[in-house]
Amino acid sequence: VQLQASGGGLVQVGGSLRLSCTVSGGTFSTYAMGWFRQKPGKARDFVAAISRRGASLYDTDSVKGRFTISRDNTENTVNLEMMQLESEDTAVYFCAAMLPRTGPLHLASDDYDFWGHGTLVTVSS
């Protein structure tokens, strides 16, 4: 299973970006998908997740209703719409896939089975 994230770049404070992650080599529709981010010198943090049926979960403390995760099972993609970006959102963003499991959506990065290489988001003031 391979994940390819794209859409990162340089944006000013208050701007928007849309990240996409395309999954190949597996059965995308059966995976829960997550977005994580890692700031320099910091651990990888949970941002958002979406179940195979479209239920979503966010790290509300950091996202505060500004980010929206979605998926398209016909295109094998998961997206992260980011609005009202802040300098604190600067990080490398990773998408991840989790094999089918029972229970609620997972926030821990260790629970995800496949990872992309990440895409850099830089928010400048």
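Residues numbered from 1 in each chain as written. Predicted model: local features only at pLDDT ≥ 70, side-chain atom pairs only at ≥ 80, totals over all residues. Heavy atoms only, no water.

K.L.:
Mind laying out the overall build of the protein, listing which residues take part and the relevant values?
P.N.:
On a plain count of helices and strands, the protein comes out with one helix and eleven strands. Taken from the N to the C terminus, the helices and strands of the protein come in the order β-β-β-β-β-β-α-β-β-β-β-β. On C-alpha atoms alone, the protein measures out to a radius of gyration of 13 Å, which is about the 14 Å that the 2.2 N^0.38 rule sets for 125 residues. In terms of its C-alpha atoms, the protein occupies a principal-axis envelope of roughly 40 × 25 × 25 Å. (Helix = DSSP H or I, 4+ residues; strand = E, 2+ residues; numbered from the N terminus. Rg over C-alpha atoms; globule rule 2.2 N^0.38 Å.)

K.L.:
An account of the pattern of salt bridges is needed here, citing residue identities and associated values.
P.N.:
Across all of its chains, the model carries six salt bridges by this definition. A salt bridge links D89 to R37, with the shortest nitrogen-to-oxygen separation between them at 2.9 Å. Taken together, the residues span a long stretch of sequence, with D89 in the loop between β8 (77-82) and β9 (91-98) and R37 in strand β4 (residues 32-38) at a distance of 52 residues. An identical accessibility class is assigned to D89 and R37; each is buried. Across the pair R101 and D113 runs a salt bridge, and its minimum N-O distance is 3.5 Å. Residue R101 is located in the loop between β9 and β10 (114-115), and its partner D113 is located in the loop between β9 and β10; the two are separated by twelve residues in the primary sequence. Bridged by salt links that share partners, the residues R37, R66, E86 and D89 form one connected network. (Salt bridge = Lys/Arg side-chain N within 4 Å of Asp/Glu carboxyl O. Buried < 20%, exposed > 50% of the residue type's maximum accessible area, 1.4 Å probe, protein only.)

K.L.:
Break down the state of the cysteines for me, citing the residues and quoting the values.
P.N.:
In the structure shown here, the tally under the stated rule is one disulfide. Each sulfur of the disulfide joining C21 and C95 lies 2.0 Å from the other. For the disulfide bridge between C21 and C95, the dihedral angle about the S-S bond is near 60 degrees, and by the sign convention the bridge is right-handed. With C21 in strand β3 (residues 17-24) and C95 in strand β9, this residue pair connects regions lying 74 residues apart in the sequence. Like C21, the residue C95 is buried in the burial classification. (Disulfide = S-S within 2.5 Å.)

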